[in-house]
Amino acid sequence: YLLAYLLYNDGIQTVIAVAAIFGAEELGIPVGKLALIILMIQFTAFLGAYVFSYLAGVLGTRNAIILSLIIWSGAVIYAFFGMRNTAILPALGIPQAEFEFWLLGFTIALVLGGSQALSRSLFSQMIPEDQEAEFFSFYEVSERGTSWMGTFIFGVVNQTFGSLRLGVLSVIFFFLAGLVLLLFVNTDTAVKQAELVSAGD
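The following refers to the structure shown. Bear in mind that the values here come from a model prediction, so they are computed numbers and not experimental data.

So, the packing of helix α1 (residues 2-26) against helix α8 (residues 172-183)
Phase 1 of the analysis: With their axes 8 Å apart at the nearest point, α1 and α8 run at an angle of 155 degrees to one another. The angle between α1 and α8 places the two elements in the roughly antiparallel class. α8 is crossed by α1, and the crossing has left-handed handedness. Across the interface between the two elements, Leu 3, Ala 4, Leu 7, Tyr 8, Asp 10, Gly 11, Ile 12 and Val 15 of α1 pack against Phe 174, Phe 175, Ala 177, Gly 178, Leu 181 and Leu 182 of α8.

Shown next, in the form of structure tokens:
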């Protein structure tokens, strides 16, 4: 589970890190508007945590995370193919590409709050009682140790092909690899084992 998390979380952190660069350089969105989009993302991520909390109750936590990774993958695919129409939308007075970026930011914000909150929640359920400090210390150290991979791949692809869109698309590897690994993790058994250890059995 931890390996799956480290992969897809690196993808999440990379998208967050390069979103403003993509908006400014690829779409030409002014810095002032990008600041508003980032502010919107912060508030929407809070809402997303509640939405995915509900989905976790319906689908199960692992399945809700898998759903979020599918949406993340769709988001980077859309970043490559979409947001190309620069025609001004009369009703809003902004280019269509910028409007699409707002919508994409809203979608990303929803899954951002949900995927991160559920990932920590699920991991905490697999930790035996009174061992939280050790497990979460390893969790945090491991997370920091791999946080460079996504931005490195993004940078290499962008420099090689001269395309921010291809750079963003390359991040899909981390979402798909994390998703595939997560499919093979028996989280129910891990949670039960943690409960047995906590009970002293």
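Some points on the layout of surface pockets
Phase 1 of the analysis: When its volume is computed, the largest pocket comes out at roughly 370 Å³.
Phase 2 of the analysis: Lining the largest pocket we find 21 residues, and of these Val 15, Ile 16, Ala 19, Ala 20 and Ile 41 sit closest to its centre.
Phase 3 of the analysis: When contributions to the lining of the largest pocket are tallied by element, the ones reaching two or more residues are α1, α2 (31-59), α3 (61-81) and α4 (96-125).
Phase 4 of the analysis: The leading source of residues in the lining of the largest pocket is α1, at seven residues.
Phase 5 of the analysis: Of the residues in the lining of the largest pocket, the class split is 19 nonpolar, two polar and no charged.

Describing the environment of Ala 24
Phase 1 of the analysis: Turning to its location among the elements, Ala 24 is positioned in helix α1.
Phase 2 of the analysis: Sequence separation of Ala 24 and Ser 68 is 44 residues, and the distance between their C-alpha atoms is 26 Å.
Phase 3 of the analysis: If we skip the residues at most four places from it in the chain, Ala 24 touches Ile 29 and Leu 34.

Here's the deal with α2
An α-helical segment advances 3.6 residues per turn. Residues three or four places apart therefore align on the same side.
Phase 1 of the analysis: Its 29 residues place the ends of α2 39 Å apart at the C-alpha level, agreeing with the 42 Å of an ideal helix rising 1.5 Å per residue.
Phase 2 of the analysis: Turning to α2, its buried residues number three or more, namely Leu 34, Ile 37, Met 40, Ile 41, Thr 44, Ala 45, Gly 48, Phe 52 and Ala 56.
Phase 3 of the analysis: Packing partners of the buried residues in α2 comprise α1, α3 and α4.
Phase 4 of the analysis: The first or second residue beyond α2 is Gly 60, which carries a positive phi of 100 degrees.

How each quantity is defined
Residues numbered from 1 in each chain as written. Predicted model: local features only at pLDDT ≥ 70, side-chain atom pairs only at ≥ 80, totals over all residues. Heavy atoms only, no water. Axes fitted to C-alpha atoms, helices over the stretch in contact; angles between N-to-C directions. Helix = DSSP H or I, 4+ residues; strand = E, 2+ residues; numbered from the N terminus. Parallel < 35°, antiparallel > 145°, perpendicular 65-115°, else oblique. Left-handed = near helix turned anticlockwise from the far one by under 90°. Contact = heavy atoms within 4.5 Å. 1 Å grid on protein atoms, 1.4 Å probe; cavity = no way out; pocket = protein on both sides within 12 Å on 5 of 7 lines; lining within 4 Å. Points joined across faces, edges and corners; volume = space filled by probe spheres on them. Nonpolar A, V, L, I, M, F, W, Y, C, P; charged D, E, K, R; others polar. Expected span 1.5 Å × (residues − 1). Buried < 20%, exposed > 50% of the residue type's maximum accessible area, 1.4 Å probe, protein only.

Distances and angles like these do not, on their own, reveal function.
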